[in-house]
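Overview (structure and organization)
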Amino acid sequence: MPFVKSMPDDASAVDVFAAHPAIYQPWVQTINAIMRGPSSLSHKEREIIAVYTSGLNECQYCRGGHAFIAESLGVSHETIEDLLGDIDQARVDERLKPVLRYIRKLTLTPHRMTQADADAVFDAGWDEKAFHDAIAVCCLFSFMNRLVGGFGILPGPQSDSPEAAEAARTLDYSAMIGSALAARGHG
């Protein structure tokens, strides 16, 4: 149950967005640009980073929702479970592992970031755009993890319907959030 009485018992991040449209209307565009805009990182890789960041932050709401999206993009459930264990043993592309190590350190000990940490990402073949985009996904989900946690928003049941999976694969975040707003009577 959320911490504020104006939200429904099954509140989601969308309810926070709807309650403060002047703040979150531009934020939805930012979410879409980070998660679905042009990038050297694929949509799948960005979702892996989102799930990983949310897992490190122990945000079950975001981790669960974005695990569903990652799985709809072809990431196995086992890979998602592996992410919080040993990155070296995780079933992800070897090239993504230095990015995930960077994200782990940025999430857990941001004051300890070094040039060597960044160089490991570049040495794996990633360009500055991918480096930026990985950091942006980490920042986005650190923000969202704290937003839903701060409001006491709990994970709800995940839809595993073929329609939900197709929407997760094909729709942009602006459309997904807009649909959720409309379904909750805020659109």
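Scroll up to find the structure this text is about.
Just so we're clear, the structure is a prediction, and the values are computed from it rather than from any experiment.

**Some words on the overall build of the protein chain**
- Within the protein chain one finds ten helices and zero strands.
- Each helix and strand of the protein chain, placed in order from N terminus to C terminus, yields the pattern α-α-α-α-α-α-α-α-α-α.
- Taken over 187 residues, the protein chain has a buried fraction of 45%.
- For the protein chain, the share of sequence-separated contacts (at least 6 apart) that also reach a separation of at least 24 residues comes to 68%.

**Observations regarding unusual backbone geometry**
- Located in the positive-phi region is Glu58, a residue other than glycine, with phi close to 55°.
- Looking at the element boundaries, Glu58 is found in the loop between helix 3 (43-56) and helix 4 (60-72).
- On the basis of relative accessibility, which here comes to 65%, the residue Glu58 falls in the exposed class.

**What to know about the packing of helix 3 against helix 8 (residues 128-150)**
- The contact between helix 3 and helix 8 brings their axes to 9 Å, and the two run at 40°. For the element pair helix 3 / helix 8, the angle class is oblique. When the axes of helix 3 and helix 8 are compared, the crossing they make is right-handed. Where helix 3 approaches helix 8, its residues Arg46, Ile49, Ala50, Thr53 and Ser54 are matched on the opposing element by Ala134, Val137, Cys138, Phe141, Ser142 and Asn145.
- The residue makeup of the contact of helix 3 with helix 8, split by class, is six nonpolar, four polar and one charged.

**A look at the environment of Gly125**
- Here Gly125 shows up in the loop between helix 7 (115-123) and helix 8.
- Taking the C-alpha atoms as reference points, Gly125 and Leu96, 29 residues apart in sequence, are found 9.7 Å from one another.

**Some words on the pattern of salt bridges**
- Within this structure, the stated rule accounts for six salt bridges.
- Residue Arg63 pairs with Glu81 through a salt bridge whose shortest N-O separation is 3.8 Å. One end of the pair, Arg63, is in helix 4; the other, Glu81, is in helix 5 (residues 77-82), with 18 residues separating them in the sequence.
- According to the relative accessible area criterion, Glu81 is partly exposed, its value standing at 42%.

**Thoughts on the packing of aromatic side chains**
- Tallied over the full model, the rule gives four aromatic pairs.
- For the pair Phe17 and Tyr24, a centre-to-centre distance of 5.0 Å together with 20° between the ring planes defines the contact as stacked. Per residue, the accessibility class of Phe17 equals that of Tyr24, and both read buried.
- Aromatic pair Tyr102 and Phe131: ring centres 5.0 Å apart, planes at 65°, arrangement edge-to-face. Here Tyr102 is found in helix 6 (residues 97-108), whereas its partner Phe131 is found in helix 8, with 29 residues between them in sequence.
- Taking the relative accessible area as the measure of exposure, Tyr102 reaches 11% and is therefore buried.
- Put simply, the rings of Tyr102, Phe122 and Phe131 pair up and form one aromatic cluster.

**Thoughts on helix 3**
- Spanning 14 residues, helix 3 covers 20 Å between terminal C-alpha atoms, matching the ideal 20 Å at 1.5 Å per step.
- Of all 14 residues in helix 3, twelve are buried, a share of seventy percent or more.
- All of the buried residues in helix 3 are Glu45, Arg46, Glu47, Ile48, Ile49, Ala50, Val51, Tyr52, Thr53, Ser54, Gly55 and Leu56.
- Among the residues trailing helix 3, Glu58 stands out with phi positive, at a value near 55°.

**A look at the side chain of Thr53**
- For Thr53, the position within the fold is in helix 3.
- For Thr53, a relative accessible area of 0% gives the class buried.
- Not counting the four nearest positions on each side in its chain, Thr53 is found in contact with Ile103, Thr107, Cys138, Phe141, Ser142 and Asn145.

Cut-off values and rules
- Each chain carries its own residue numbering, running from 1 in the direction its sequence is written.
- Local features in this predicted model are restricted to residues whose pLDDT is 70 or higher, and side-chain atom pairs enter the listing and the counts only when it is 80 or higher, whereas totals over whole chains, interfaces and linings include all residues.
- The basis for every side-chain value is the complete set of non-hydrogen atoms in the structure, without hydrogens or water.
- Secondary structure is summarised from DSSP: a helix means a run of H or I of at least four residues, a strand means a run of E of at least two, and numbering begins at the N terminus for each.
- For each residue, the accessible area found with a 1.4 Å probe, counting protein chains only, is set against the maximum for its type, and the residue is called buried under 20%, exposed over 50%, and partly exposed in between.
- Only heavy atoms matter for contacts: two residues are in contact if any of them lie within 4.5 Å across the pair.
- Axes here mean lines fitted to C-alpha atoms, for a helix over just the part in contact, with angles spanning 0 to 180 degrees between N-to-C directions.
- Here roughly perpendicular refers to angles of 65 to 115 degrees, roughly parallel to angles under 35, roughly antiparallel to angles over 145, and oblique to all remaining angles.
- Helix crossings are classified by the rotation of the near helix relative to the far one: an anticlockwise turn of less than a right angle makes the crossing left-handed, while a clockwise turn makes it right-handed.
- Gly counts as polar in this scheme, as do all residues outside two lists: the nonpolar Ala, Val, Leu, Ile, Met, Phe, Trp, Tyr, Cys and Pro, and the charged Asp, Glu, Lys and Arg.
- By salt bridge we mean one thing: a side-chain nitrogen of Lys or Arg within 4 Å of a carboxyl oxygen of Asp or Glu.
- Pairing of aromatic rings covers Phe, Tyr and Trp, the last counted by its six-membered ring, and requires centre-to-centre distances within 6.5 Å; plane angles under 30 degrees mean stacked, over 60 mean edge-to-face, and any other angle means tilted.
- Expected helix span is computed as 1.5 Å times (number of residues minus one).

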